[in-house]
Amino acid sequence: MNNMRMLSEEEETSDGVEVTWEDQKQINTFAKLNARLRGIEDRLEQLKQEKEALDDLSTELELMDEDQTVLYKLGESFLHLSQADALARLAIDQASVSSQLAELGGVAEECERGMKDLKVRLYAKFGKAINLDE
């Protein structure tokens, strides 16, 4: 269902608020923050999946025999590690992913605060003439 229609002359000219250079900079800043936030949200989702996989791996390693060796992926290569060494390495990797999640979560909140502030200012000036929602 397409609800497109032409604006009447009255609707076209009723929101005749002039866009200043400062306004344009604020709009551009909002767009940059929005793009950055989308990238951060994608990375957060990847890290959450990685953390879940590491948690599952931890459970599996705890259930296996202590005298078995494990092929543990480190970067682009695989190492033969004992169960204890693999669990120790896994704990380090889990801590790293958790710290990355916390750090990116903080950056995402900072972006959201900046976007909220800019939304308030821009909507106050332009009202319905600007759309800052997705």
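Note that the coordinates shown come from a computational prediction; the quantities given were computed from them, not determined experimentally.

K.L.:
I'd love a proper account of the overall build of the chain, names of residues and values included.
P.N.:
Helix and strand content of the chain: 3 helices and 2 strands. Starting at the N terminus and ending at the C terminus, the chain contains elements arranged as α-α-β-β-α. Residues classed as buried in the chain amount to 23% of the 134 residues present. Pairs at least 24 apart in sequence give 64% of the contacts found in the chain among residues at least 6 apart. Here the chain has roughly 10,200 Å² of accessible surface; of this, 51% comes from carbon and sulfur atoms.

K.L.:
Lay out the nonpolar core in plain terms, naming residues and giving numbers.
P.N.:
Among soluble globular proteins, nonpolar side chains are generally buried collectively. With 25 residues, the main nonpolar core has Ile40, Leu44, Leu61 and Ala86 as its most contacted residues. Only α2 (21-63), β1 (69-74) and α3 (83-126) provide two or more residues apiece to this core. For this core, the element with the highest residue contribution is α3, accounting for 11 residues. The contact partners of Leu61, leaving out residues within four places of it in the chain, are Val70, Gln83, Ala86, Leu87 and Leu90.

K.L.:
Can you explain the environment of Ser98? Please cite residues and give values.
P.N.:
You can see Ser98 is positioned in helix α3. Taking the C-alpha atoms as reference points, Ser98 and Lys48, separated by 50 residues in sequence, lie 8.8 Å from one another.

K.L.:
So what's going on with a negative patch on the surface? Which residues, and what values?
P.N.:
On the surface, a cluster of negative charge is made up of Glu52, Asp55, Asp56 and Glu60. If you trace the backbone, Asp55 turns up in helix α2. For Asp55, a relative accessible area of 33% gives the class partly exposed.

K.L.:
Talk me through the packing of α2 against α3; I want residue IDs and the actual numbers.
P.N.:
At a closest axis distance of 7 Å, the pairing of α2 and α3 adopts a crossing angle of 155°. Taken together, the axes of α2 and α3 are roughly antiparallel relative to one another. At the point where α2 passes α3, the crossing takes the left-handed sense. Of the residues assigned to the contact of α2 with α3, the class counts are 23 nonpolar, 10 polar and 14 charged.

Conventions used here
- Residue numbers run consecutively from 1 along every chain, following the written order of its sequence.
- This being a predicted model, a pLDDT of at least 70 is required before a residue's local features are given, and a value of 80 or more before pairs of side-chain atoms are given or counted; all residues contribute to the totals for chains, interfaces and linings.
- Excluded from the side-chain calculation are hydrogens and water; included are all heavy atoms of the structure.
- For helices the rule is a DSSP run of H or I covering at least 4 residues; for strands it is a run of E covering at least 2, with both sets numbered from the N terminus onward.
- Burial classification: accessible surface area is computed with a 1.4 Å probe over protein chains only, and a residue below 20% of its type maximum counts as buried, one above 50% as exposed, and the rest as partly exposed.
- In this description, contact between two residues means that some pair of their heavy atoms is separated by no more than 4.5 Å.
- We get accessible surface area from the Shrake-Rupley algorithm with a probe of 1.4 Å; when it comes to residues, only the shown protein chains can shield them.
- Nine residue types can take part in a nonpolar core, namely buried Ala, Val, Leu, Ile, Met, Phe, Trp, Tyr and Cys, and a core is a set of them joined through side-chain atoms within 4.5 Å.
- The patch calculation keeps residues exceeding 30% relative accessible area without a salt bridge and links them within 9 Å when they carry like charges or within 5 Å when they are nonpolar (Val, Leu, Ile, Met, Phe, Trp, Tyr).
- Salt bridges are identified by distance alone: a Lys or Arg side-chain nitrogen within 4 Å of an Asp or Glu carboxyl oxygen.
- A positive count includes Lys and Arg, and a negative count includes Asp and Glu. His and the chain ends are not counted in either.
- The location of each charge is read from NZ of Lys, CZ of Arg, CG of Asp or CD of Glu.
- Between N-to-C directions, angles cover 0 to 180 degrees, with each direction set by a line fitted to C-alpha atoms, over the stretch in contact for helices.
- Reported orientations rely on four angle classes, namely roughly parallel under 35 degrees, roughly antiparallel over 145, roughly perpendicular from 65 to 115, and oblique for the rest.
- We call a crossing left-handed when the near helix sits turned anticlockwise from the far one by less than a right angle, and right-handed when that turn is clockwise.
- Following the grouping adopted for this structure description, the nonpolar residues are Ala, Val, Leu, Ile, Met, Phe, Trp, Tyr, Cys and Pro, the charged ones are Asp, Glu, Lys and Arg, and the polar ones are all others, Gly among them.

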